[in-house]
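So the chains spell out like this:
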Amino acid sequence: MNYKIQDNCIISTINQIFDKEGLEYYLKVYHFYDEQQEYQSIQLHLSRCKRKIRIGHAYCTFNSPEDMVLSDIITSNESKFLSLSEKLFQLTHWNEPTDYRRKGLGTYLLKYIVNLAKSKKVKKIHGCLTFKDIDANPNLIHWYQKHGFKLESPIPEEIEHYKYQVCLNLE
């Protein structure tokens, strides 16, 4: 693991993450702090083969040191080869996946977040599932439940936008 420190941010890079098919990835984790050295947010960026193109990410923020909000966990269902070097990569790596979902990568990101939260003494992780999230991935509810999250109704002000709130108590 490598570390780099920038203004109010610590960046760590984790090498050799493998999916269910044995393909290698790497993860960059950005820990953002405020002036009191307390967490503000965490971003995880997942890339394939040391390429610059992200194929997945997760974002978290903190309401308090004990309360983490899970904003997003996404793995791409299509690879985007925009530059000439990326097109060349696609030609020379013809067996490169175009869909990175259902390979265990989202699970890796979620477990990383849960373990990080536990190490920081976070008591609760929660987030919201939109109607769009569930339409795009009907297994999402079961996936969160499989990882220990409970489903709750969204608060009244958010019922228009969110179908469920997912919560994991770490106490």
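Note that the structure is a prediction, hence the values are computed from the model and not measured.

Novice: Outline the overall build of the chain, supporting the account with residue identities and numerical values.
Specialist: Scanning the chain for helices and strands turns up four helices and nine strands. Helices and strands appear in the chain in the N-to-C order β-β-β-β-β-β-α-α-β-α-α-β-β. In the chain, buried positions account for 43% of the 171 residues. Restricting to contacts in the chain with at least 6 residues of sequence separation, those with at least 24 account for 46%. Of the accessible surface of the chain, which amounts to about 10500 Å², a share of 50% is contributed by carbon and sulfur atoms.

Novice: Residue-level account of the packing of aromatic side chains, with values.
Specialist: According to the stated counting rule, one finds four aromatic pairs in the structure shown. Aromatic pair Tyr144 and Phe149: ring centres 5.2 Å apart, planes at 75°, arrangement edge-to-face. Relative accessible area serves as the criterion here: at 7%, Tyr144 is assigned to the buried category. Its relative accessible area of 2% is what places Phe149 among the buried residues.

Novice: Please give an account of the nonpolar core that cites residues and values.
Specialist: If you look at the biggest cluster of nonpolar residues, it comprises 35 residues, and the most contacted ones within it are Leu27, Leu44, Met68, Ile73, Ile125 and Tyr144. Per-element accounting of this core gives the leading share, eight residues, to helix 2 (residues 105-119). Apart from residues no more than four positions distant in its own chain, Ile73 is found in contact with His57, Ala58, Gly106, Leu109, Leu110, Ile113, Trp143 and Tyr144.

Novice: So what about the environment of Lys163? Which residues, and what values?
Specialist: Its location among the elements puts Lys163 in strand 9 (residues 162-169). By relative accessible area, Lys163 is classed as partly exposed at 35%. In this structure, the C-alpha to C-alpha distance between Lys163 and Leu129, residues 34 residues apart in sequence, is 5.8 Å.

Novice: Outline the pattern of salt bridges, supporting the account with residue identities and numerical values.
Specialist: Two side chains that carry opposite charge are able to pair once their charged atoms sit near each other. By the definition in use, this model includes three salt bridges. Between Lys103 and Glu21 there is a salt bridge whose closest N-O contact spans 3.0 Å. Taken as a pair, Lys103 in the loop between helix 1 (84-92) and helix 2 and Glu21 in the loop between strand 2 (9-18) and strand 3 (24-33) lie far apart in primary sequence, 82 residues in all. With relative accessibility at 9%, the residue Lys103 sits in the buried group. Two residues, Glu66 and Lys123, come together in a salt bridge whose shortest N-O distance is 3.5 Å. One end of the pair, Glu66, is in the loop between strand 5 (54-64) and strand 6 (67-75); the other, Lys123, is in the loop between helix 2 and strand 7 (124-130), and 57 residues separate them in sequence.

Novice: Tell me about the pairing of strand 3, and please be specific about residues and values.
Specialist: Most of strand 3 is tucked away, with seven of its 10 residues classed as buried. Looking at chain direction, strand 2 and strand 3 are connected through eight bridges and run antiparallel. Paired with Ile17 across the strands is Tyr25, a residue of strand 3. Connecting the antiparallel pair strand 2 and strand 3 is a turn made up of five residues, with Gly22 showing a positive phi of about 85°.

Novice: Can you break down the confidence of the model for the chain residue by residue, with the values?
Specialist: Of the residues in the chain, 82% reach a pLDDT of 70 or more, and the chain-wide mean stands at 83. Per-element confidence in the chain ranges from a low mean pLDDT of 61 for helix 1 to a high of 95 for helix 4 (residues 140-146).

About the cut-offs
Residues numbered from 1 in each chain as written. Predicted model: local features only at pLDDT ≥ 70, side-chain atom pairs only at ≥ 80, totals over all residues. Heavy atoms only, no water. Helix = DSSP H or I, 4+ residues; strand = E, 2+ residues; numbered from the N terminus. Buried < 20%, exposed > 50% of the residue type's maximum accessible area, 1.4 Å probe, protein only. Contact = heavy atoms within 4.5 Å. Areas by Shrake-Rupley, 256 points an atom, 1.4 Å probe, with all protein chains shown as cover. Phe/Tyr/Trp six-rings, centres within 6.5 Å; stacked < 30°, edge-to-face > 60°. Core = buried A, V, L, I, M, F, W, Y, C linked by side-chain atoms within 4.5 Å. Salt bridge = Lys/Arg side-chain N within 4 Å of Asp/Glu carboxyl O. Pairing = 2+ DSSP bridges. pLDDT = per-residue confidence, 0-100.

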